[in-house]
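Next come the chains, spelled out residue by residue.
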Amino acid sequence: MSKSPVWHPFHQHGLGEDIPLVTHAEGAVLHTADGRRVIDAISSWWVTTHGHNHPRIMQAVREQTEKLDQLIFAGWTHEPAETLARGLVDIMPDGLDHVFYSDSGSTSVEVALKMALGYWHNRGEPRHRVLVMEHSYHGDTIGAMSVGERGVFNRAYEALLFDVGTVPFPGSFPQPTYDALERFCGEGDAAAFIVEPLLLGAGGMLTYPPAVLAEMRAICARHGVLFIADEVMTGWGRTGTLLACEQAGVTPDILCLAKGLTGGSMPLAVTMATAPIFDAHYSSDRSKMFFHSSSFTANPIACAAAVANLAIWREEPVLDRIATLSARLGDKLDALSQHNQVINARQCGTMIAFDVEVGDDAGYLADIGPRLRGHFFANDVLIRPLGNTVYTMPPYCISQKDIDCVANVIAAGVESCARS
Ligand SMILES: *Cc1c(COP(=O)(O)O)cnc(C)c1O
């Protein structure tokens, strides 16, 4: 076969690694063209919630393809978008009454930032500063990179990234986080604080307690600074509840959802907003409308998949499955932490993670990352460590047998890679 023209994301083609070809999938399992059965232990980059090719979601997609494929969404509408928006307003925290569609987590974040700045602009009180948390990840477009951690991922683009106010990641003593947030909020130009609730994903699967989230929300509220919850990864049950914010009793002013919105089957995102945000754009003056769109805003087939996801959440014991899976993963984490090169073991719902002790070679480009990934794949498990951080967050339907297999492969991988 001739060399593929495909340029892969977050992939160094120069290393010549084999790129597996997947032909089909079901539940937590991928099947490759060369006949392997691979366990998808990271839910295909954190999107697959109920499992691959979920019958109800696939059926909804098939039915929608018979009716309407795509429609301009500026001033036009269709049933899947309406049903989905109503369903989201019902199931999400009270007050998030407005639903803006886009196509990916990154765009849902861009939309959130534009909504926040538009809110202040249209009120004639221009505030431009966005506050962020150290180690955050909010996507790979320019705006989303600007509010995320700076590092090797975005060094080449740094000149284009806008200035933000960064509060420290809340360690076991969160007071410095509160103090920095309080200070930034008090400076008068702060428009919004954007944060990943409870669990920072790409930043290294870092966790902090609900009480910290609640306190940060309270500080923002006291200063009228908009609170944006980026639940692109944490939403849809990942952290044990539908939203991570629920565990802190927090309702954000703006909420970003993507990944699991369609059960992970189709690209779709929403940015939900409270009435004051919408009302600041509501006017007979056309210059105050919300200036954002993309060609495929609220694609009907993607919306139909998301409507099916909502039905699964409403009608099936999803939270029970998540609780069972979380307990099983917790047992595995306990066993893995016995290994003397395993440090910083942590869990948040259906995500378990730890760092491999590697001395000075820590961080995203740590050598051990690709070696571990190779070991896992050689043993038919899809896990992509973040440098020396190993984690798993499988689809909720994974069997006990496959969890056992994943845990055994992780243990053996740490055993062999940490030594070499
Ligand atoms: C994945 C992710 C994004 C970006 O979503 P994409 O769909 O990949 O653009 C944004 N925020 C968080 C917290 C994420 O985990």
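Residues numbered from 1 in each chain as written. Predicted model: local features only at pLDDT ≥ 70, side-chain atom pairs only at ≥ 80, totals over all residues. Heavy atoms only, no water.

**Quick look at the overall build of the chain**
When helices and strands are counted, the chain shows twelve helices and 16 strands. For 420 residues, the compact-globule formula gives about 22 Å, and the C-alpha radius of gyration of the chain, at 21 Å, lands near that figure. For the chain, the C-alpha atoms occupy an extent of roughly 65 × 55 × 45 Å along the three principal directions. Each of the 420 residues in the chain was classed as buried or not, and the buried ones make up 51%. Considering only contacts within the chain whose residues lie at least 6 apart along the sequence, 71% involve residues at least 24 apart. Charged side chains of the chain number 30 positive and 47 negative; the gap between the two group centres comes to 2 Å. (Helix = DSSP H or I, 4+ residues; strand = E, 2+ residues; numbered from the N terminus. Rg over C-alpha atoms; globule rule 2.2 N^0.38 Å. Buried < 20%, exposed > 50% of the residue type's maximum accessible area, 1.4 Å probe, protein only. Contact = heavy atoms within 4.5 Å. Lys, Arg positive; Asp, Glu negative; His and termini not counted. Charge placed at Lys NZ, Arg CZ, Asp CG, Glu CD.)

**Structural notes on the domain arrangement of the chain**
Parsing the chain into structural domains produces domain 1 (57-315) and domain 2 (317-419). If you average the C-alpha positions of domain 1 and of domain 2, the two centres end up 28 Å apart. Taken together, the 21 residues of domain 1 in the interface contact 20 residues of domain 2. Counting the contacts that link domain 1 with domain 2 gives zero salt bridges. Remark: the boundary between domain 1 and domain 2 carries six residue pairs in polar contact (both at pLDDT 80 or more). Elements with a contribution of two residues or more to the side of domain 1 that touches domain 2: strand 9 (206-207) and helix 9 (300-315). A per-element tally of the side of domain 1 that touches domain 2 places helix 9 first, with three residues. (Domains from an automatic or database assignment. Salt bridge = Lys/Arg side-chain N within 4 Å of Asp/Glu carboxyl O. Polar contact = N/O pair within 3.5 Å; in protein donor to acceptor, adjacent residues only side chain to side chain.)

**Comments concerning the confidence of the model for the chain**
Any region with low pLDDT has predicted coordinates that should not be read closely. Per-chain confidence: the chain averages 96 in pLDDT, with 99% of residues scoring 70 or above. Of all the helices and strands in the chain, helix 12 (residues 400-419) carries the lowest mean pLDDT, 94, while strand 10 (residues 226-230) carries the highest, 99. (pLDDT = per-residue confidence, 0-100.)

**Digging into the pairing of strand 10**
For a regular strand, side chains alternate in direction, first toward one face of the sheet and then toward the other. With five of five residues buried, strand 10 lies mostly within the body of the structure. Of the two faces of strand 10, the one carrying Leu226, Ile228 and Asp230 and the one carrying Phe227 and Ala229 are both buried. The pairing of strand 10 with strand 11 (residues 254-257) spans three bridges and is parallel. Within the sheet, the bridge partner assigned to Asp230 lies in strand 11 and is Cys256. (Pairing = 2+ DSSP bridges.)

**Focus: the sheet that holds strand 15 (residues 381-382)**
With mixed pairing, four strands are arranged side by side in an open sheet as 1-2-3-15. Each edge of the open sheet carries a strand with a single partner, namely strand 1 (22-26) and strand 15. In the sheet, strand 2 (residues 29-32) pairs with strand 3 (residues 37-40) via three bridges, with the strands oriented antiparallel. Bridge pairing in strand 3 links Val29 to Ile39.

**Section: the site of the ligand**
For the ligand, the full set of nearby residues is Trp46, Ser104, Gly105, Ser106, Tyr137, His138, Gly139, Glu196, Asp230, Val232, Met233 and Lys259. Gly105 is positioned with one of its backbone polar atoms (N or O) 2.8 Å from an oxygen atom of the ligand. At a separation of 2.7 Å, a nitrogen atom of the ligand approaches a polar side-chain atom of Asp230. Here the ligand has 380 Å² of accessible area as a free molecule, and 82% of this is covered by the chains. (Near = heavy atom within 4 Å. Areas by Shrake-Rupley, 256 points an atom, 1.4 Å probe, with all protein chains shown as cover.)

**Describing the sheet that holds strand 10**
Two orientations exist for strands paired in a sheet by backbone hydrogen bonds: parallel and antiparallel. In spatial order, the strands read 4-12-11-10-7-5-6; together these seven strands make up an open sheet with mixed pairing. Edge positions in the sheet fall to strand 4 (98-102) and strand 6 (164-167), since each of these pairs with one other strand and no more. Across the sheet, the mean angle separating the axes of adjacent strands is 20 degrees when strand polarity is ignored. Summarising the sheet, strand 5 (residues 129-133) and strand 7 (residues 190-195) pair through three bridges and their orientation is parallel. Paired with Arg129 across the bridge in strand 7 is Ala190. Across the sheet, helix 3 (residues 79-91) touches strand 4 and strand 12 (269-273), and the angle it forms with strand 4 is around 130 degrees. The strands touched by helix 4 (residues 105-122) within the sheet are strand 4, strand 5, strand 7, strand 10, strand 11 and strand 12, with strand 12 carrying the most contacts at an inclination of about 25 degrees. (Axes fitted to C-alpha atoms, helices over the stretch in contact; angles between N-to-C directions.)

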